[in-house]
Amino acid sequence: LGLLECCARCLIGAPFASLVATGLCFFGVALFCGCGHEALTGTEQLIETYFSKNYQDYEYLIDIIHAFQYVIYGTASFFFLYGALLLAEGFYTTGAVRQIFGDYRTTICGKGLSATVTGGPKGRGARGPQRAHSLQRVCQCLGKWLGHPDKFVGITYVLTIIWLLVFACSAVPVYIYFNTWTTCQSIANPSKTSASIGTLCADARMYGVLPWNAFPGKVCGSNLLSICKTSEFQMTFHLFIAAFVGAAATLVSLLTFMIAATYNFAVLKLMGRGTKF
């Protein structure tokens, strides 16, 4: 076979839904974790500079921010690994489904992938069997997991529910910063509001960011407008928006993974292949 024909046959068995979902998952997680980490750092600097003069007032907040940043590291690592595993499962089950419907033929590419997943033949020579043994055990373990799409459906469903909560939480800082930005717009255009400029404030205490005894806790009037014009505020605001978009992209990718895995599992089950193949 020529190179183009071989590539074309390999693409026939490619799970395009899983490929798109994997790319979307990697993009969303990277955007959410990277921008979220920097946005939390910017929020910490804004609180320290403008909203509290006493370190004890925001000491607990800093601990929470640092904890969230460590959680972000773990989240990024987990989703990159799980996304790659879901992509492998997509290749594995999609090939079996298309083989059932007769529109997929095993190629050299497919045989190589199957050999990799199932462990393949053992190596030859004096040192060959020892090298293949440990790799074969890992591949066989992976093959057992890839042969059970129902497990991926359940795990992905739970992750989707958890990520819904993450998506909702990522909207909270966007809401807070948007309210602050809207207040600054009212201060900059006093003709569009009937309230006095001095009464237009941004109070970090009312959102639970700082305790009620924090001083000053809020910034009003022209002082608030000067904060909104700083690069720190603008950058942090846009980073939270980007993190929110990343969370939405990750949620869409998880839903796509779940739909694709559910379809493959249903076809294999209805066609009498069971959950093992």
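Per an unreviewed UniProt entry, the recorded name for the protein is MYPR protein, and the organism is Brachypteracias leptosomus. Recorded in UniProt under Function (unreviewed entry), the annotation for the protein is "This is the major myelin protein from the central nervous system. It plays an important role in the formation or maintenance of the multilamellar structure of myelin." In the Sequence similarities (unreviewed entry) part of its UniProt record, the protein is described as follows: "Belongs to the myelin proteolipid protein family."

Draft legend 1. Local environment of the state of the cysteines. Overall, the coordinates contain two disulfides when judged by the stated rule. With its sulfur 1.7 Å from that of its partner, C184 forms a disulfide with C228. Where C184 bonds to C228 through sulfur, the torsion about that S-S bond is close to 50°, and the disulfide is right-handed. Here C184 is found in helix α6 (residues 149–188), whereas its partner C228 is found in helix α7 (residues 221–228), with 44 residues between them in sequence. Side by side, C184 and C228 carry an identical accessibility label, which is buried.

Draft legend 2. Fine view of the confidence of the model for the protein. Mean pLDDT over the protein works out to 79, with 71% of the residues at or above the 70 mark. For the stretch residues 103–132, pLDDT sits under 50, and the model shows 32 contacts to residues farther than four places along the chain or on other chains.

Draft legend 3. Molecular detail of the side chain of D203. Inspection of the secondary structure assignment puts D203 in strand β1 (residues 201–203). By relative accessible area, which is 12% here, D203 ends up buried. One polar contact links the side chain of D203 to the main-chain amide nitrogen of R205, over a distance of 2.9 Å. In contact with D203, not counting residues within four places along its chain, are W212, G217 and K218.

Draft legend 4. Main features of the UniProt feature "transmembrane region" (unreviewed entry) in the protein. Mapped onto the present numbering, the UniProt feature "transmembrane region" (unreviewed entry) falls on residues 12–32, 67–88, 152–178 and 239–266. Here residues 67–88 is 100% helix and 0% strand, with 32 Å between the C-alpha atoms at its ends. In the segment residues 152–178, helix accounts for 100% and strand for 0%; the C-alpha atoms at its two ends are 38 Å apart.

Draft legend 5. Up close: unusual backbone geometry. Look at the link from F215 to P216: it is a cis peptide, with omega at -5°. Summarising the element assignment, P216 is placed in the loop between β1 and β2 (218–220).

Draft legend 6. Region of the structure containing empty space enclosed by the protein. Applying the stated criterion to the full structure yields one cavity of 30 Å³ or more. In terms of lining, the largest cavity is formed by S18, L86, E89, G90, F257, A260, A261 and N264. Those elements giving two or more residues to the lining of the largest cavity turn out to be α3 (55–101) and α8 (231–270). When residues of the lining of the largest cavity are assigned to their parent elements, the largest contribution, four residues, is made by α8.

Rules of the game
- Residues numbered from 1 in each chain as written.
- Predicted model: local features only at pLDDT ≥ 70, side-chain atom pairs only at ≥ 80, totals over all residues.
- Heavy atoms only, no water.
- UniProt positions renumbered as here; feature names shortened; annotations may be inferred.
- Disulfide = S-S within 2.5 Å.
- Helix = DSSP H or I, 4+ residues; strand = E, 2+ residues; numbered from the N terminus.
- Buried < 20%, exposed > 50% of the residue type's maximum accessible area, 1.4 Å probe, protein only.
- pLDDT = per-residue confidence, 0-100.
- Contact = heavy atoms within 4.5 Å.
- Polar contact = N/O pair within 3.5 Å; in protein donor to acceptor, adjacent residues only side chain to side chain.
- 1 Å grid on protein atoms, 1.4 Å probe; cavity = no way out; pocket = protein on both sides within 12 Å on 5 of 7 lines; lining within 4 Å.
- Points joined across faces, edges and corners; volume = space filled by probe spheres on them.

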